[in-house]
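# Structural description and commentary
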Amino acid sequence: MKLKSVLFSIAFLSVLLLQAKGKPKINSVKPDWVSKTTIDYSIEFDDANTSGGVYYYQDDYQHNLVTETTYYASSYQLLSSEGVQNNSDISIDYDPSYQELIFHAIDIIRDGKRIKKLDKSKLRSLQREERMDRHLYD
């Protein structure tokens, strides 16, 4: 079976708020203070630029010290079954007792077409499992 490469683009905002209990939220509007970046997905790359079946286009952390918020955006292309297995779950650590997690977008770009995959009904909060890194859950 030939694996088609898939490009993921993920953006989220982690907001440090006192007593911000609850599940992750969705807000498609990014904060005004976030610097906009443009990514050229037509970049040609070789095996030297890949790691574990993944080519990373963007890994962007931006911090706002005044509002105590962090914005993170990542874009990567899955090139092999190893890349798919290692990146099929999105896992973000945060403490809902004082942090709020807001997703702005989770998109798949296939054949140049953007497919929006951010669905609130599919967001789940889990307590950290000891063997989660091996995909073992209790």
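Refer to the structure printed above.
Residues numbered from 1 in each chain as written. Predicted model: local features only at pLDDT ≥ 70, side-chain atom pairs only at ≥ 80, totals over all residues. Heavy atoms only, no water.

Turning our eyes to something else, we now look at the pairing of strand E4 (residues 54-64). When strand E3 (residues 50-51) meets E4, the two strands line up antiparallel, connected through two bridges. Of the residues in E4, the one forming a bridge with Thr50 is Tyr55. Pairing of E4 with strand E5 (residues 69-78), which is carried by ten bridges, proceeds in the antiparallel orientation. Each residue of the ladder has a partner; that of Tyr56, found in E5, is Tyr76. Where E4 folds back on E5, the antiparallel hairpin that results is connected by four residues, among which Glu68 adopts a positive phi of roughly 55°. (Pairing = 2+ DSSP bridges. Helix = DSSP H or I, 4+ residues; strand = E, 2+ residues; numbered from the N terminus.)

Bringing the pairing of strand E6 (residues 99-110) into the picture now. Of all twelve residues making up E6, eleven are buried, and the element is well covered by its neighbours. Pairing of strand E2 (residues 25-26) with E6 involves two bridges; the strand directions are parallel. Its bridge partner lying in E6, Ile26 is registered against Phe103. (Buried < 20%, exposed > 50% of the residue type's maximum accessible area, 1.4 Å probe, protein only.)

Scanning the entire structure with this criterion turns up four aromatic pairs. Geometrically, the ring pair formed by Tyr55 and Tyr57 is edge-to-face, given 4.8 Å between the ring centres and 85° between the ring planes. An identical accessibility class is assigned to Tyr55 and Tyr57; each is buried. Here Tyr61 and Tyr72 contribute two aromatic rings whose centre-to-centre distance is 4.4 Å and whose plane-to-plane angle is 40°, an arrangement assigned as tilted. Residue Tyr61 is located in strand E4, and its partner Tyr72 is located in strand E5; the two are separated by eleven residues in the primary sequence. Three or more aromatic residues link up through ring pairs in this structure, and these residues are Tyr41, Tyr55 and Tyr57. (Phe/Tyr/Trp six-rings, centres within 6.5 Å; stacked < 30°, edge-to-face > 60°.)

This next bit is on the pattern of salt bridges. All told, the structure shown has two salt bridges when counted by the stated rule. Two residues, Lys25 and Glu100, come together in a salt bridge whose shortest N-O distance is 2.6 Å. Taken together, the residues Lys25 in strand E2 and Glu100 in strand E6 connect sequence positions 75 residues apart. According to the relative accessible area criterion, Lys25 is partly exposed, its value standing at 38%. Here Arg114 makes a salt bridge to Asp107, at a shortest N to O gap of 2.8 Å. (Salt bridge = Lys/Arg side-chain N within 4 Å of Asp/Glu carboxyl O.)

With that settled, the discussion passes to the side chain of Gln77. The topology assignment puts Gln77 in strand E5. By relative accessible area, Gln77 is classed as buried at 14%.

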